[in-house]
Amino acid sequence: HMKSYTLLHLLLILFIGIAFVFDQSTPTFEASDEAWHYGVVREIAAGRGLPVQRVGELTTYRQEGSQPPLYYYIGAALISWIDDYDSLSRYSYNPFGQVGVPGTTENVNMFRHTSLEEFPLTGVTLAVHILRWFSILLGCGTVSLTFFVAKALFPEKGNLPILAASLTAFNPMFIFISASVNNDNGVWFLASLIIYILVLTVSLEDNVSLIPLWLPRKLLQRQFAPWLLGVLLGLAILTKLSALLLIPVVATYLMWRAQHYGNWYQAFREGSIITLCVFVLTSWWFYRNWILYDELLGTTTMAEIYGFVRTGPPTWEGFILE
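Residues numbered from 1 in each chain as written. Predicted model: local features only at pLDDT ≥ 70, side-chain atom pairs only at ≥ 80, totals over all residues. Heavy atoms only, no water.

J.: Would you explain the overall build of the chain in this entry?
T.: A tally of helices and strands in the chain yields 12 helices and 0 strands. When the helices and strands of the chain are placed in sequence order, the string is α-α-α-α-α-α-α-α-α-α-α-α. For the chain, the spread of C-alpha atoms along the principal axes amounts to about 65 × 50 × 45 Å. Counting all 322 residues of the chain, 48% fall into the buried class. In the chain, the proportion of contacts linking residues at least 24 apart, taken out of those at least 6 apart, comes to 72%. Only carbon and sulfur atoms are counted for the fraction: they give 66% of the accessible area of the chain, which is about 17000 Å². Distance between charge centroids for the chain: 10 Å, based on 18 positive and 23 negative side chains. (Helix = DSSP H or I, 4+ residues; strand = E, 2+ residues; numbered from the N terminus. Buried < 20%, exposed > 50% of the residue type's maximum accessible area, 1.4 Å probe, protein only. Contact = heavy atoms within 4.5 Å. Areas by Shrake-Rupley, 256 points an atom, 1.4 Å probe, with all protein chains shown as cover. Lys, Arg positive; Asp, Glu negative; His and termini not counted. Charge placed at Lys NZ, Arg CZ, Asp CG, Glu CD.)

Put into structure tokens, the structure is as follows:
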């Protein structure tokens, strides 16, 4: 038991070290869509509020201005004290950049880079690195939760949890995005936490010892678990819309509880609590999209700004092709 936790601690130290190498070796704004994610944080931190998307208007946040705001609000709070984090001069594009061209050895960067990115860190550079370090912490949370999910599912298999956590931690793209300004890091962490809570709630009667010390057992009891799941699901959706895919997962869990305990009323009650929490946390965001863009999700506006517009109605053939 103690040995597995020691291995997890060592894994996290190694993960932080490798992620820090990615952080230091990737120039500012050169990670996937980092400039646009930072642009959203920049708008909020400067007091200009959430971006309003307008097709055809060139902004520092591009299509990422259509994303739900939780990750960016936290990021804005983290960098608001930094001088010159709002500088537009860093959005200086390299007109000869060959971004996305495999094997190219010159002009690989999308932006121009200067000595402003060297130590000591100041302004935009400091802000970006602080946001990256916050993302690395979220990545540590995701790796840890992968370990705990595997431990809860297969408590008798001693080496499986650390193997599962290692497969997550050493996925190159996972490390790369974890060391960048990107809301994927937030939704990965929250989705992993929701799945872990579901696994623990299902197996609670069988093995109470599975619950770690850092998680109060009271939260997993039937009167509190739906509130916890509802809040976490609402926060996940408010981080990135891909968390909507967790709704059928939670619904499956509720159906299992109803059949397992033979109490459909209780399952309906718990589902109502979860729905209420999600509604309270996210309804303002969907209402805002409806008022601004005539759509609940804002994804059509996002696709138009990105440059992807359908020429006809979606078909099954087109769906499979995409």
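Picking up after the structure, the text goes on.
J.: Even after reading the chapter, I still don't get the pattern of salt bridges, so can you show me in this structure?
T.: Proximity of charged atoms lets side chains of opposite charge pair with each other. Inspection of every chain in the model, using the stated rule, returns 9 salt bridges. Close ionic contact of Arg48 with Glu43 constitutes a salt bridge, the shortest N to O distance being 3.1 Å. With a relative accessible area of 41%, Arg48 lands in the partly exposed category. Of the charged contacts in the structure, one is a salt bridge between Arg90 and Glu117, with a shortest N-O distance of 3.6 Å. Taken as a pair, Arg90 in the loop between helix H3 (70-79) and helix H4 (123-153) and Glu117 in the loop between H3 and H4 lie far apart in primary sequence, 27 residues in all. The class for Arg90 is buried, based on a relative accessible area of 11%. Overall, Glu117 belongs to the buried group, its relative accessible area being 18%. Overlapping salt bridges, with partners in common, bring together Arg42, Glu43, Arg48 and Asp86 in one network. (Salt bridge = Lys/Arg side-chain N within 4 Å of Asp/Glu carboxyl O.)

J.: What's the story with the nonpolar core in this structure? I'm lost.
T.: Nonpolar side chains in soluble globular proteins tend to end up buried together. Grouped together as the largest cluster of nonpolar side chains are 77 residues, with contacts concentrated most on Tyr38 and Ile79. The biggest single contributor to this core is H4, with 16 residues. The contact partners of Tyr38, leaving out residues within four places of it in the chain, are Phe29, Ile79, Tyr85, Tyr91, Val124, Ala127, Val128, Leu131 and Val181. (Core = buried A, V, L, I, M, F, W, Y, C linked by side-chain atoms within 4.5 Å.)

J.: Sorry if this is basic, but what is going on with a nonpolar patch on the surface here?
T.: Taken together, the side chains of Tyr287, Trp290, Ile291, Leu296 and Leu297 define a hydrophobic patch exposed on the protein surface, amounting to about 530 Å² of accessible area. Mapping Tyr287 onto the fold places it in helix H10 (residues 264-293). (Patch = residues over 30% accessible without salt bridge, like charges linked within 9 Å, V, L, I, M, F, W, Y side chains within 5 Å.)

J.: Hey, could you run me through the packing of aromatic side chains in this one?
T.: The geometry of two aromatic rings is summed up by the distance between their centres and the angle between their planes. In this structure the tally under the stated criterion is 19 aromatic pairs. Here Phe29 and Tyr91 contribute two aromatic rings whose centre-to-centre distance is 4.8 Å and whose plane-to-plane angle is 40°, an arrangement assigned as tilted. Of the two residues, Phe29 is situated in the loop between helix H1 (2-25) and helix H2 (34-45) and Tyr91 in the loop between H3 and H4; the sequence distance between them amounts to 62 residues. Judged on exposure class, the residue Phe29 and its partner Tyr91 are both buried. Taken together, the aromatic side chains of Phe29, Trp36, Tyr38, Tyr91, Tyr93 and Phe111 make up a single cluster linked through ring pairs. Lying across the ring of Trp36, Arg62 places its NZ or CZ 4.4 Å from the centre. Seen from the ring of Tyr5, Lys151 lies directly overhead, with NZ or CZ sitting 5.7 Å from the centre. (Phe/Tyr/Trp six-rings, centres within 6.5 Å; stacked < 30°, edge-to-face > 60°. Lys NZ or Arg CZ within 6 Å of the ring centre and 35° of its normal.)

J.: Got a minute to help me understand the confidence of the model for the chain in this structure?
T.: Interpretation of this model should avoid reading the predicted coordinates in detail wherever pLDDT is low. Of all residues in the chain, 95% attain a pLDDT of 70 or more, and the chain-wide mean is 90. Taken element by element, the predicted model of the chain shows its lowest mean pLDDT in helix H12 (residues 316-321) (85) and its highest in H3 (97). (pLDDT = per-residue confidence, 0-100.)

J.: Could you clarify how one ought to interpret H4 in this entry?
T.: Residues that lie three or four places apart on an α-helix share one face, since the helix turns once every 3.6 residues. Here H4 contains 31 residues, and its C-alpha end-to-end distance of 45 Å stays within 8% of the 45 Å for a straight helix at 1.5 Å per residue. The buried fraction of H4 is high, at 28 of 31 residues. (Expected span 1.5 Å × (residues − 1).)

J.: How should the packing of H3 against H4 be read in this particular structure?
T.: Between two packed helices, what matters for the description is the angle formed by their axes and the separation of those axes. Two elements in contact, H3 and H4, have axes whose closest approach is 10 Å; the angle formed by their N-to-C orientations is 130°. For the element pair H3 / H4, the angle class is oblique. In terms of crossing hand, the pair formed by H3 and H4 is right-handed. Along the contact surface, H3 presents Tyr71, Ile74, Gly75, Leu78 and Ile79, while H4 presents Ala127, Ile130, Leu131, Phe134, Ser135 and Leu138. (Axes fitted to C-alpha atoms, helices over the stretch in contact; angles between N-to-C directions. Parallel < 35°, antiparallel > 145°, perpendicular 65-115°, else oblique. Left-handed = near helix turned anticlockwise from the far one by under 90°.)

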